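Residues per chain are reported as follows:
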Amino acid sequence: MRSLREALGMYATGVAVVTTALEDGCRAGVTVNSFTSVSLDPPLVLWCLSKRAPSVALFLRAGRFVVNVLAAGQGELSRRFATPAEDKFAGVATRSAAGGLPVLEGTLAGFACRTVTVHEGGDHLIFVGAVEQFDRAGGEPLVFHSGRYLERAAG
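Heads up: these notes are all about the structure in this document. In this text, all values refer to a predicted model and were calculated from it rather than measured experimentally.

Cut-offs and rules
Residues numbered from 1 in each chain as written. Predicted model: local features only at pLDDT ≥ 70, side-chain atom pairs only at ≥ 80, totals over all residues. Heavy atoms only, no water. Pairing = 2+ DSSP bridges. Helix = DSSP H or I, 4+ residues; strand = E, 2+ residues; numbered from the N terminus. Axes fitted to C-alpha atoms, helices over the stretch in contact; angles between N-to-C directions. Contact = heavy atoms within 4.5 Å. Salt bridge = Lys/Arg side-chain N within 4 Å of Asp/Glu carboxyl O. Buried < 20%, exposed > 50% of the residue type's maximum accessible area, 1.4 Å probe, protein only.

1. A short note on the sheet that holds strand β10 (residues 124-136)
Ordered in space as β3-β2-β6-β9-β10-β5-β4, the seven strands form an open sheet in which the pairing is antiparallel. Because the sheet does not close on itself, it has two edges, and the strands there are β3 (27-32) and β4 (36-40). Taking each pair of neighbouring strands and ignoring which way they run, the sheet shows an average axis angle of 30°. By the bridge criterion, 12 bridges tie strand β9 (residues 109-121) to β10 in an arrangement that is antiparallel. Residue pairing for β10: A112 is matched across the bridge by Q133. In this fold helix α3 (residues 75-82) packs onto β2 (16-21) and β3, with an angle of close to 120° to the strand it touches most, β3.

Right, dumping it as structure tokens:
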């Protein structure tokens, strides 16, 4: 299993934090590198979440999420949302998207989505979302390769 994980790690990916919230104010966020576009017409994206993630029930109940694409220099933000904590949002600058979804400040792009479907995928769930709102600031991405962050894209 470890050698498979190392081989998969040879594929460099961007890093995103997916966030959600319920109407009662309960929020969740997780770091992912599984984000990708699916379709432009209609605008669909997907990301994957471990079935063992503490926040899986909240993401399923919320039915909405925001994909926050991280910028170079946001490795600490990625680590924060990748690590279990009582309140991952403590001290993190956010603003609200439609429906009160938390959007992280200072990211390269954000995609507010409505969950269209959730598929079983081995030990993960695959969330497909319809993009309802998006923004982009541009800049250099945070890149993950071979088990570590590359703070600058090769160029």
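2. Comments concerning the sheet that holds strand β12 (residues 148-150)
Strands sit in the order β1-β11-β12 across an open sheet of three strands; the sheet is antiparallel. With one partner strand each, in any of the chains shown, β1 (13-14) and β12 form the two edges of the open sheet. Of the strand pairs in this sheet, strand β11 (residues 143-145) and β12 are connected by three bridges, and their pairing is antiparallel. What sits directly across from V143, in β12, is L150.

3. Thoughts on the pattern of salt bridges
All chains considered together, the criterion is met by seven salt bridges. Of the charged contacts in the structure, one is a salt bridge between E120 and K51, with a shortest N-O distance of 2.4 Å. Linking E120 in strand β9 with K51 in the loop between β5 (43-50) and α2 (56-62), this pair joins segments that are 69 residues apart in sequence. Of the residues examined, K51 reaches a relative accessible area of 35% and is grouped as partly exposed. The partner of E132 in a salt bridge is R64, and the shortest N-O contact between them spans 2.7 Å. Taken as a pair, E132 in strand β10 and R64 in strand β6 (residues 64-69) lie far apart in primary sequence, 68 residues in all. Overlapping salt bridges bring together R64, R114 and E132 as one network.

4. Looking at the side chain of T13
Summarising the element assignment, T13 is placed in strand β1. Not counting residues up to four positions away in its chain, the partners in contact with T13 are N33, L142, V143 and F144.

5. Section: the environment of L22
As for its position among the elements, L22 is in the loop between β2 and β3. C-alpha separation for the pair L22 and G63, spaced 41 residues apart in sequence, amounts to 9.0 Å. With near-sequence residues (within four places) excluded, L22 lies in contact with L58, R61 and A62.

6. Considering the pairing of β2
Of all six residues making up β2, six are buried, and the element is well covered by its neighbours. Residues of β2 alternate between two faces, with A16, V18 and T20 on one and V17, T19 and A21 on the opposite face, all of them buried. Sheet analysis places β2 next to β3, joined by six bridges and oriented antiparallel. Note on β3: the bridge partner recorded for V17 is T31. The antiparallel pairing of β2 with β3 creates a hairpin that spans five residues between the two strands, and G25 there sits at a positive phi of about 95°. Bridge count between β2 and β6: four bridges; the pairing is antiparallel. Looking at the pairing, V18 lines up with V67 of β6.

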